[in-house]
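Residue-level structural notes
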Amino acid sequence: MLTLSVTIFYWLLQMVIYYCHGKSLSGTIFDIGFGFGPVATHLAESGSFKIAFDPWTDYLHASASRMPLIPIFLAIIYRLSDSLALAMCIKNIVLNAILFSTITMFVKRHQIGKLGLLIIAIALLTPQTVFHSGSVDYEEGYLIQLIAVTTALLLVETKANDKHPYLLSVLAAVEYLIKSSMVFVAVWIAIARGISEKSLKVALVTAVPTMLSVLCWGITNSLGHLISELP
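Quick notes on the rules
Residues numbered from 1 in each chain as written. Predicted model: local features only at pLDDT ≥ 70, side-chain atom pairs only at ≥ 80, totals over all residues. Heavy atoms only, no water. Helix = DSSP H or I, 4+ residues; strand = E, 2+ residues; numbered from the N terminus. Buried < 20%, exposed > 50% of the residue type's maximum accessible area, 1.4 Å probe, protein only. Contact = heavy atoms within 4.5 Å. Core = buried A, V, L, I, M, F, W, Y, C linked by side-chain atoms within 4.5 Å. Expected span 1.5 Å × (residues − 1).

Attention now goes to the overall build of the chain. Of the regular secondary structure elements, the chain holds ten helices and zero strands. Each of the 231 residues in the chain was classed as buried or not, and the buried ones make up 42%. Nonlocal contacts in the chain, meaning residues at least 24 apart in sequence, comprise 70% of its contacts between residues at least 6 apart.

Counting 37 residues, the largest nonpolar core has Ile29, Ile32, Leu74 and Tyr142 as the members making the most contacts within it. It is helix H4 (residues 84-109) that provides the largest number of residues to this core, a total of eight residues. Counting ten residues, the second largest nonpolar core, distinct from the first, contains Val39, Ala44, Phe49 and Tyr176.

Turn by turn, an α-helix covers 3.6 residues, leaving residues three or four places apart pointing in a common direction. Compared with an ideal rise of 1.5 Å per residue, which puts 16 residues at 22 Å, helix H7 (residues 140-155) spans 22 Å between its outermost C-alpha atoms and is within 8% of the ideal. Those residues of H7 not exposed but buried are Gly141, Tyr142, Leu143, Gln145, Leu146, Val149, Thr150, Ala152 and Leu153.

Printed below as a string of structure tokens:
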């Protein structure tokens, strides 16, 4: 019940801070910035990442322009409604629930004390953290919670029946599919798991989901650029 309450409170705080920054909640998914809105809208309507309309024609001419996961998420929401507010609500409630469930598990596993809880609270309640974690306009709006979850899972002591090492592998791939530079985080996660378990096999297995993602999305990008350059 406490986790649910904190999740809802943080979601409401994100919406308030977002509004206080002068951002409108009455827009549509197409209005989402940095090209994500047009790409997601076109993906929902045509099934293609490649778009050919202004103002993003030169900037987003092929599939390599944006990693796929945010446009795919927004396209799914677009099929339900083109409401920007709905996309924000769904994204923030889901990611906040994952974040605070992980923090709860971390606190139960480690006696971090009042000082530890205070540090976590300060990190989460900083206005810029609340604002950026609540946004749907750019990658940080999705990655802040996921990186916090990844860090917590890396620090939690592994028990025999734990599944979180496998969750780390999936999280690393998800983070890469949100922002390509996160591939380096995936590498360090694999190294950390290998050192922790004293096993090269564990490191390689941990890296597999991200490496498959790199391969599949790389092929998609190459084909997208090749097709776009054909007469």
